[in-house]
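# A closer look at the structure
If you want the building blocks of each chain, they are given just below.
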Amino acid sequence: MFQRPTMLRRSAAGNIRYALKAAAVPGNLLDSRVDELLRTVGLAGLGARPARRMSGGEQQHLALARALARNPAVLFLDEPTASLDPAATKAFEDVVRNVIAAGIKVVMSTHDLGEARRLAGEIVMLHKGRVMETSAASAFFSAPQSAEARKFLCGDLLV
């Protein structure tokens, strides 16, 4: 899922239905699966709304529903909350927690230390395309091993 998702010129339900058809979900299961995915991401009752007229947070939730339509074992999220306000970020993070609880592995990029603290089980810190540190989130935040991680956690810019 990308930081800025592309919405098809369809309703929210139509966007999900498109993903389900691409995943070869049988036609007789489409409507119930669309409803299930809308509920899963907190958009129940919004299926008829034009996707491109939804708020940024709603579009992120819809993009997540489309990604979940394929029943992934691993879900890749590229800074999904970067342009969201705090309330929309919390709502999105709550859905991500539910996805993780359902057994889907989530790999997410973020520059937001607070978000990483709230969601991460493991941290892989990258700098200039290189892995600087890999550890459990608790160890990363309490005792970072690399100089880059220590600087980043102190609020210094890494250039």
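Anyway, here's the lowdown on the structure attached to this text. Within any chain, residue numbers begin from 1 and follow the written order of that chain's sequence. Confidence filtering applies because this is a predicted model: local features only for residues at pLDDT of at least 70, side-chain atom pairs given and counted only at 80 or more, and all residues used for totals across whole chains, interfaces and linings. The side-chain numbers reported here are obtained from all heavy atoms of the structure, hydrogens and water having been left aside.

### Focus: helix α1 (residues 12-22)
Each full turn of the α-helix corresponds to 3.6 residues, which orients residues three or four apart in the same direction. Working definition: with a 1.4 Å probe on protein chains only, accessible area under 20% of the residue-type maximum means buried, over 50% means exposed, and in between means partly exposed. Runs of H or I in DSSP of at least four residues are treated as helices and runs of E of at least two as strands, each being numbered from the N terminus. Listed as buried for α1 are A12, A13, G14, N15, I16, A19 and L20. What makes two residues a contact is simply this: any of their non-hydrogen atoms within 4.5 Å. Buried positions along α1 lie against α2 (30-40) and α3 (56-68). Looking one or two residues past α1, A24 carries a phi angle of roughly 60 degrees, positive in sign.

### Looking at the nonpolar core
Residues enter a nonpolar core if they are buried and are Ala, Val, Leu, Ile, Met, Phe, Trp, Tyr or Cys, with the set joined through side-chain atoms within 4.5 Å. The biggest cluster of nonpolar side chains holds 33 residues, and the ones touching the most others in it are I16, L62, L64, L68, L75 and L77. Only α1, α2, α3, β1 (74-78) and α4 (86-101) provide two or more residues apiece to this core. What L77 contacts, discounting residues up to four positions off in sequence, is M1, L64, F92, V96, V106, V107, M108 and S109. If you look at the next biggest cluster of nonpolar residues, it comprises 8 residues, including M125, F140, F141 and A149.

### Side note on the side chain of H61
Tracing the backbone through its elements, the reader meets H61 in helix α3. Not counting the four nearest positions on each side in its chain, H61 is found in contact with V41, L43, A88, A91, F92 and V95.

### Some thoughts on the packing of α3 against α4
Lines fitted to C-alpha atoms define the axes here, with helix axes fitted over just the stretch in contact, and angles between the N-to-C directions of these axes take values from 0 to 180 degrees. Direction vectors running N to C along α3 and α4 enclose 15 degrees, while the axes themselves pass 9 Å from each other. Overall, the two elements α3 and α4 adopt an arrangement that is roughly parallel. When the axes of α3 and α4 are compared, the crossing they make is right-handed. Judged by residue contacts, G57, Q60, H61, L64 and L68 of α3 engage A88, A91, F92, V95 and V99 from α4. Classification used: nonpolar for Ala, Val, Leu, Ile, Met, Phe, Trp, Tyr, Cys and Pro, charged for Asp, Glu, Lys and Arg, polar for all others including Gly. Along the lines of polarity and charge, the residues of the contact of α3 with α4 split into 7 nonpolar, 3 polar and no charged. Angles are sorted into four bins: roughly parallel if under 35 degrees, roughly antiparallel if over 145, roughly perpendicular if 65 to 115, and oblique for all others. Crossing chirality is assigned from the near helix's rotation relative to the far helix, an anticlockwise turn below a right angle marking it left-handed and a clockwise turn marking it right-handed.

### Observations regarding the packing of aromatic side chains
A pair of aromatic rings is counted whenever rings of Phe, Tyr or Trp (Trp by its six-membered ring) have centres within 6.5 Å, and the orientation is called stacked for planes under 30 degrees apart, edge-to-face for over 60 and tilted otherwise. Going through the model one piece at a time under the given rule, you end up with 1 aromatic pair. For the pair F140 and F141, a centre-to-centre distance of 5.2 Å together with 85 degrees between the ring planes defines the contact as edge-to-face. An identical accessibility class is assigned to F140 and F141; each is buried.

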